[in-house]
Amino acid sequence: MKFDQFKDNFSIPKAEEKIIAFWEKEDVFKKSLGLSKNKEPFVFFEGPPTANGRPGIHHVIARTVKDLMCRYKSMKGYRVDRKGGWDTHGLPVEIEVEKRLKLESKAQIVEFGVEKFNEECKKSVFKYLKEWNDITKRTGYWLDLEDSYVTLENKYIESVWWILKNFFDRDLIYKGHKIVPYCPRCETGLSSHEVSLGYEMVKDPSIFVKFQSLENDHKFLVWTTTPWTLPSNAALAMKADADYALVEHKGEKYVLAEGLIEKVFGEALLPQEKFKGKDFVGQKYEPLFDFYKDEPDAFVILNADFVTLEDGTGIVHIAPGFGADDYEVGKTNNLPMLQAIKQDGQNPQSYLGIDPNSNPGIVTATRAPLTTD
């Protein structure tokens, strides 16, 4: 099939503007709802944008998909009520205000006054409302903005509490833990979307750690890329069916995965004994630090499927308060939820009087063969 070429003076943007002007003049959106008022409803509440930041191309893309679905449902014979909304809570709002007020931490917000800070946030949430309304019209996005819901209004907040009360009355609310990304500067949990806004590649040190067995004269050699979680260590995990070996290096005895001996020490050491990871389950070891030493269910060897033999030592440090895998293993094995890091992210030695450099169990390395010098 052959299509005629556009005329030289034809403008797609002007054609779009002409169509939008016709829709507004004839009030086509409301008329379409009136024509379908007795049909089966398909109710659409927009996941609300935040109007204290300018709209971007990603908003246009997302709203195009939303609009396509609503128009498709209309063509299928539904009455499609499309309610707009505004998100007036969350970090995007707070960070915008923090920048304006030159506040750099949660402590400074508290000093400024939480109530005063909330008022400043309320003033800022509709800063770019005109830009949002303009782009909504310009993209031909049909949405009821005259009766939009606003998350800071009491009627919206009360509706959320009503839903939670309804869940509570049906015994659907329980207390538990969930591992989420966390910002020590803001002292709050983060959504995956918020994490992506500040994502960057960084280099962190990895370290080898020696955990002394309480039942034998050897040490369990552990390699971790998250050394800041070591003060919250609750267990060590080994792979059940993997081969482990006891070796001696510079007068000390270590247990680690047999296949990683040369990679760790930089030389082939002859195993004195060989084991399977399942042989160590239930054995206890000496905690690296002593401020959780009286925890009865902690500092035990267990097995976990996610332990790999590609890097490290084949023995993984477990801190149930950090990381989804660690949390699940901790829950399965009834490990305590040890949390030695304060909400502001400070290292524990800053408030527990601990100097990790003085601990003989920690050996710093950067993915290089182990040294004990």
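Up top you'll find the structure we're talking about.
Worth saying up front: this structure is predicted, and the values here are computed from it rather than measured.

Caption draft 1: Quick look at helix 6 (residues 114–124). The set of residues buried in helix 6 consists of Phe117, Glu120, Cys121 and Ser124. Projected down its long axis, helix 6 carries its buried residues within an arc of 100°, all on one side. Opposite the packed face of helix 6, turned more than 90 degrees from it, sit the exposed residues Glu115 and Lys123. Buried-residue contacts for helix 6 involve helix 4 (91–101) and helix 5 (106–112).

Caption draft 2: How the structure looks around the packing of aromatic side chains. Going through the model one piece at a time under the given rule, you end up with 12 aromatic pairs. Centre to centre, the rings of Trp86 and Phe126 are 6.2 Å apart; their planes meet at 90°, and the pair counts as edge-to-face. One end of the pair, Trp86, is in strand 2 (residues 79–86); the other, Phe126, is in the loop between helix 6 and helix 7 (129–138), with 40 residues separating them in the sequence. Look at Trp86 and you get buried, because its relative accessible area is 5%. Accessibility expressed as a relative area gives 33% for Phe126, which makes it partly exposed. Measuring from ring centre to ring centre gives 5.0 Å for Phe275 and Phe280, while their planes differ by 65°; the resulting arrangement is edge-to-face. Put simply, the rings of Trp23, Phe29 and Trp142 pair up and form one aromatic cluster. Lying over the aromatic face of Trp142, Arg71 brings its terminal NZ or CZ to 4.1 Å of the ring centre.

Caption draft 3: Structural view of the pairing of strand 6 (residues 206–212). Within strand 6, 6 of the 7 residues are buried, which leaves the element mostly enclosed by the surrounding structure. Across 6 bridges, the pairing between strand 6 and strand 7 (residues 219–224) is antiparallel. The residue of strand 7 that forms the bridge with Ile207 is Thr224. The turn linking strand 6 back onto strand 7 is made up of 6 residues.

Procedures and definitions
- Residues numbered from 1 in each chain as written.
- Predicted model: local features only at pLDDT ≥ 70, side-chain atom pairs only at ≥ 80, totals over all residues.
- Heavy atoms only, no water.
- Buried < 20%, exposed > 50% of the residue type's maximum accessible area, 1.4 Å probe, protein only.
- Helix = DSSP H or I, 4+ residues; strand = E, 2+ residues; numbered from the N terminus.
- Arc of directions from axis to C-beta.
- Contact = heavy atoms within 4.5 Å.
- Phe/Tyr/Trp six-rings, centres within 6.5 Å; stacked < 30°, edge-to-face > 60°.
- Lys NZ or Arg CZ within 6 Å of the ring centre and 35° of its normal.
- Pairing = 2+ DSSP bridges.

In short, shape yes, function no, at least from these values alone.
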